[in-house]
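What the coordinates show
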Amino acid sequence: MYAIVRAGGRQEKVAVDDVLTVDKLAGDVGSTVTFPAVLVVDGETVVSGSADLARYEVTGEILGAVKGPKINIMHYRNKTGYKRRMGHRQPYTEVKITGIKAGK
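All of these numbers come straight from a predicted model, not from anything done at the bench. (Residues numbered from 1 in each chain as written. Predicted model: local features only at pLDDT ≥ 70, side-chain atom pairs only at ≥ 80, totals over all residues. Heavy atoms only, no water.)

1. Some words on the side chain of Thr59
You can see Thr59 is positioned in strand S7 (residues 56-67). Apart from residues no more than four positions distant in its own chain, Thr59 is found in contact with Thr32, Val33, Thr34, Ile97, Thr98 and Gly99. (Helix = DSSP H or I, 4+ residues; strand = E, 2+ residues; numbered from the N terminus. Contact = heavy atoms within 4.5 Å.)

2. Quick notes on the sheet that holds strand S4 (residues 32-35)
What holds strands together in a sheet is hydrogen bonding between their backbones, with the strands either parallel or antiparallel. One open sheet accounts for 4 strands, arranged S3-S10-S7-S4; its pairing is antiparallel. Edge positions in the open sheet fall to strand S3 (19-23) and S4, since each of these has one partner strand only. Across the sheet, the mean angle from the axis of one strand to that of its neighbour is 45 degrees, orientation sign disregarded. Across 11 bridges, S7 lies against strand S10 (residues 91-102) in antiparallel orientation. Considered in S10, the bridge of Ala65 is made with Thr93. (Pairing = 2+ DSSP bridges. Axes fitted to C-alpha atoms, helices over the stretch in contact; angles between N-to-C directions.)

3. Some remarks on the pairing of strand S1 (residues 2-7)
Both faces of the sheet carry side chains from a regular strand, because those side chains alternate between them. When S1 meets strand S2 (residues 10-15), the two strands line up antiparallel, connected through 6 bridges. In the sheet register, Tyr2 faces S2, and the bridge partner there is Ala15. Pairing of S1 with strand S5 (residues 37-42) involves 4 bridges; the strand directions are antiparallel. Within S5, the residue paired with Ala3 across the bridge is Val40.

Rendered as structure tokens:
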């Protein structure tokens, strides 16, 4: 069983026990988060209707904060001696998927 969930403006394919890196989430390590399902595949059955998807719940546990790769930014103006270097590392949160359940 797997599901396509909406996480931080993107869609991710997840199954139980997958570790997912999403945009920074508010919450402590060990707390539970819920993701809205876009599509659920259970063996031969594919669920994609919005009324049917409202029953499904995809839950995960926050493992901790991580940083993305370093991005180097360079500003340069010709013939003036102007150079400026900056860097950026995007903050992310690692989430372990604990369950894909059909409720109600």
